[in-house]
Amino acid sequence: MAGVAAVESGGGGHQDLPAKLTKQVILCTIIAAFGGLMFGYDIGISGGVTSMDSFLKKFFPSVYVKKHLAKTDNYCKYNNQWLQLFTSSLYIAAVIASGVASIVNKKFGRKPTMQIASVLFLIGAILNASAQNLEMLIIGRMFLGAGVGFGNQAVPLFISEIAPAKNRGGLNICFQFLCTIGILIANIINYFTAKHPYGWRISLGGAAGPALILFFGSMVIVETPTSLIERGKLEEGLSTLKKIRGVDDVDKEYEEICNAVDFAKQIKDPFKNLISRYNRPQLICGSVLQFFQQVTGITAVMFYAPVLFMTMGVKDNASLLSAVMANTVKPICTFVAVFFVDRYGRKALLVEGAVHMLIFQCAIGGILAAFLHSTNAVPKVYCIAVILFICCFLMGFAWSWGPLCWLIPSEIFPLETRTSALFVTVSINMLSTFLIAQTFLTMLCHLRSGIFFFFAAWLAIMCLFTIFFLPETKGIRIDEMIDMVWMKHWFWKRYYTDYHVSKGQKNSIQ
């Protein structure tokens, strides 16, 4: 009955477990978070590259012609399925890679998974920088996607497992913070390379930088105690736990991890167990959050900001500079989440963020509906207003749905389903990103300014879901989530009527 003992021993929160925020944990978090820098760099680089004339001439000549025709509908200049595929192909590869990464994560550990991510990303950067045709370009993007799939599977989980419960939220948000830094760096590079005949090669090849940092950095960080114990390295797991907690009195936490691992080993089919009744609430919430993150409209803004600014009549360099300005606010505002997520909780930030973004999506849509028609340019004062509103929109995303949609899935699942659950949630995020990236320019062409009201409607739904169905998880140890969170929620508690009995029966088999 070890599993029951493990569950019933919970309830004290993080206060009864001694732990310090050690230099080891901070160092490991920063190095691992370079997986976010890789992801962010790719998000930021693609939108700027697709607005460069030299890039369009070589790979998308029909788009280049439409871009410079005065009579072409503003909303439809960039409506090209192959151009959208350049951006979106990465995410289909990420979905497939996430499945492989979940197996590697469990069998070999979080560190090797991050190392594989960096190698795949490096290969993709080299292929993109040296691309001679569209096929080579797309293959390179798919290698980048495989790297993203491995990185997004391993990094949030790694950080959640090494962080003390009381600091888990803030540390995990470092992943998203580095992601925003990557986006900003990419936009700055695009601005300075835009006029160079091979500027797009420099921009795409720059992805090798964060990949190399993650690869060499991951060699010096520790593996998580949970992963070590899960793979039978008990003494190393105990030693590592003492090292990252900064105290010798880690017996209780070590015992809880061992009990969780023992129970997890009894699960022969994690994916089948994932859809069992008592795992359904976490699966639903984790999956819905990933979908919601993308229908905020963030993907459209991140990938196509320069294209959107040029649609309004802003010139090439000015559109890239505007993208730099807009993305400068994200890293700054992500710090809001770092400082407040473990103080005020996840729900408060998510609700505020949804309302905040809804207001500015409607404001952007209203200006474009009033002033951007088929072939005119938006008056300068309203262009400035749209850029400011996009900055405000990004602020709301940066301290809410951006970081928290990676944090929450990494902390709500029990060990026996954790890697398979993260595969599902990461895959849903990547698939949703693919759908938005592949359809945004077409939707912009057909819905015109209405696309911003489309995203605003989703934001209203997200706000209501968070208020009524998403439980608060701040300060709760990962292995106590079911007892302390889900079994006490007004709606989800109905899924746990026989949870302890079911878990006890599984343990009695031992």
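Residues numbered from 1 in each chain as written. Predicted model: local features only at pLDDT ≥ 70, side-chain atom pairs only at ≥ 80, totals over all residues. Heavy atoms only, no water.

1. Considerations on the overall build of the chain
Reasoning step 1: Secondary structure summary: the chain contains 24 helices and zero strands in total.
Reasoning step 2: On C-alpha atoms alone, the chain measures out to a radius of gyration of 23 Å, which is about the 24 Å that the 2.2 N^0.38 rule sets for 510 residues.
Reasoning step 3: With respect to the three principal axes, the spread of C-alpha positions in the chain is 75 × 45 × 35 Å.
Reasoning step 4: Evaluated residue by residue, the chain yields a buried proportion of 62% over its 510 residues.
Reasoning step 5: When contacts within the chain are restricted to residue pairs at least 6 apart in sequence, those whose partners lie at least 24 apart make up 82%.
Reasoning step 6: One finds the centroid of the 43 positive side-chain charges in the chain at a distance of 10 Å from the centroid of its 29 negative side-chain charges. (Helix = DSSP H or I, 4+ residues; strand = E, 2+ residues; numbered from the N terminus. Rg over C-alpha atoms; globule rule 2.2 N^0.38 Å. Buried < 20%, exposed > 50% of the residue type's maximum accessible area, 1.4 Å probe, protein only. Contact = heavy atoms within 4.5 Å. Lys, Arg positive; Asp, Glu negative; His and termini not counted. Charge placed at Lys NZ, Arg CZ, Asp CG, Glu CD.)

2. Quick notes on the environment of serine 160
Reasoning step 1: Inspection of the secondary structure assignment puts serine 160 in helix α8 (residues 134-162).
Reasoning step 2: When its relative accessible area of 2% is taken as the criterion, serine 160 is described as buried.
Reasoning step 3: The spatial distance from the C-alpha of serine 160 to the C-alpha of glycine 366 is 41 Å, given a sequence separation of 206 residues.
Reasoning step 4: Excluding residues that lie within four positions of it along the chain, serine 160 makes contacts with Arg168, Asn172, Ser410 and Ile478.

3. Examining a nonpolar patch on the surface
Reasoning step 1: Taken together, the side chains of Leu212, Phe216, Met219 and Val220 present a nonpolar region at the surface, about 390 Å² in accessible area.
Reasoning step 2: Relative to the elements of secondary structure, methionine 219 occurs in the loop between α11 (208-217) and α12 (225-230).
Reasoning step 3: With relative accessibility at 44%, the residue methionine 219 sits in the partly exposed group. (Patch = residues over 30% accessible without salt bridge, like charges linked within 9 Å, V, L, I, M, F, W, Y side chains within 5 Å. Areas by Shrake-Rupley, 256 points an atom, 1.4 Å probe, with all protein chains shown as cover. Salt bridge = Lys/Arg side-chain N within 4 Å of Asp/Glu carboxyl O.)

4. Overview of the pattern of salt bridges
Reasoning step 1: Scanning all chains against the criterion turns up 11 salt bridges.
Reasoning step 2: Arginine 141 is the salt-bridge partner of aspartate 42, the closest N and O atoms lying 2.7 Å from each other. On the criterion of sequence distance, the pair formed by aspartate 42 in helix α3 (residues 34-49) and arginine 141 in helix α8 is long-range, its members being 99 residues apart. As far as the burial class goes, aspartate 42 and arginine 141 line up, both buried.
Reasoning step 3: Linking glutamate 253 and arginine 245 is a salt bridge whose minimum nitrogen-to-oxygen distance equals 3.0 Å.

5. Here we look at the confidence of the model for the chain
Reasoning step 1: For the chain, per-residue confidence averages 84 on the pLDDT scale, and residues scoring 70 or more make up 90% of the total.
Reasoning step 2: Summarising per-element confidence for the chain, the mean pLDDT is lowest in helix α1 (residues 2-8) (32) and highest in helix α22 (residues 450-469) (95).
Reasoning step 3: Contacts from residues 1-15, a stretch scored under 50 in pLDDT, to residues over four places away or in other chains number 29 contacts.
Reasoning step 4: For the stretch residues 506-510, pLDDT sits under 50, and the model shows 12 contacts to residues farther than four places along the chain or on other chains. (pLDDT = per-residue confidence, 0-100.)

6. Comments concerning the packing of aromatic side chains
Reasoning step 1: Counting across every chain of the model gives 29 aromatic pairs.
Reasoning step 2: Note on phenylalanine 55 and phenylalanine 60: the rings are 5.8 Å apart at their centroids and 50 degrees apart in plane angle, and the pair reads as tilted. Each member of the pair, phenylalanine 55 together with phenylalanine 60, is buried.
Reasoning step 3: Consider the rings of phenylalanine 469 and phenylalanine 491, whose centres lie 5.2 Å apart with planes at 85 degrees: the pair is edge-to-face. Here phenylalanine 469, found in helix α22, pairs with phenylalanine 491, found in the loop between α23 (481-484) and α24 (499-508); they are 22 residues apart in sequence, far enough to count as distant.
Reasoning step 4: Above the face of the phenylalanine 86 ring, arginine 141 is positioned so that its terminal group lies 4.8 Å from the ring centre.
Reasoning step 5: Across from the ring centre of tyrosine 495, 4.8 Å away, lies the NZ or CZ of arginine 277, which sits over that ring. (Phe/Tyr/Trp six-rings, centres within 6.5 Å; stacked < 30°, edge-to-face > 60°. Lys NZ or Arg CZ within 6 Å of the ring centre and 35° of its normal.)

7. Quick word on the nonpolar core
Within soluble globular proteins, side chains that are nonpolar tend to cluster in buried spots.
Reasoning step 1: Ranked by internal contacts, the top residues of the largest apolar core, which has 159 residues, are Phe55, Phe60, Ile390, Leu394, Trp401, Met430 and Trp486.
Reasoning step 2: Dropping the residues within four chain positions of it, isoleucine 390 is found in contact with Val301, Leu308, Phe309, Ala326 and Ile364. (Core = buried A, V, L, I, M, F, W, Y, C linked by side-chain atoms within 4.5 Å.)

8. A short note on unusual backbone geometry
Reasoning step 1: For arginine 448, which is not glycine, the phi dihedral falls at a positive 55 degrees.
Reasoning step 2: Position of arginine 448 relative to the elements: it lies in the loop between α21 (418-447) and α22.
Reasoning step 3: Taking the relative accessible area as the measure of exposure, arginine 448 reaches 25% and is therefore partly exposed.

9. Focus: a positive patch on the surface
Reasoning step 1: Together, Arg277, Arg280, Lys493 and Arg494 give the surface a local cluster of positive charge.
Reasoning step 2: Looking at where arginine 494 falls in the secondary structure, it is placed in the loop between α23 and α24.

10. Concerning the side chain of threonine 296
Reasoning step 1: Summarising the element assignment, threonine 296 is placed in helix α16 (residues 280-311).
Reasoning step 2: In terms of polar contacts, threonine 296 uses its side chain to reach the backbone carbonyl oxygen of glutamine 293, at 2.7 Å.
Reasoning step 3: Among residues more than four places away in sequence, those in contact with threonine 296 are Met357, Gln361, Phe393, Phe397, Trp401, Phe455, Leu459 and Met462. (Polar contact = N/O pair within 3.5 Å; in protein donor to acceptor, adjacent residues only side chain to side chain.)

11. Here we look at helix α19 (residues 380-398)
Reasoning step 1: Compared with the 27 Å implied by 1.5 Å per residue over 19 residues, the 27 Å span of α19 between its first and last C-alpha is a close match.
Reasoning step 2: Those residues of α19 that fall on the buried side of the exposure criterion are Cys383, Ala385, Val386, Ile387, Ile390, Cys391, Phe393, Leu394, Gly396, Phe397 and Ala398. (Expected span 1.5 Å × (residues − 1).)

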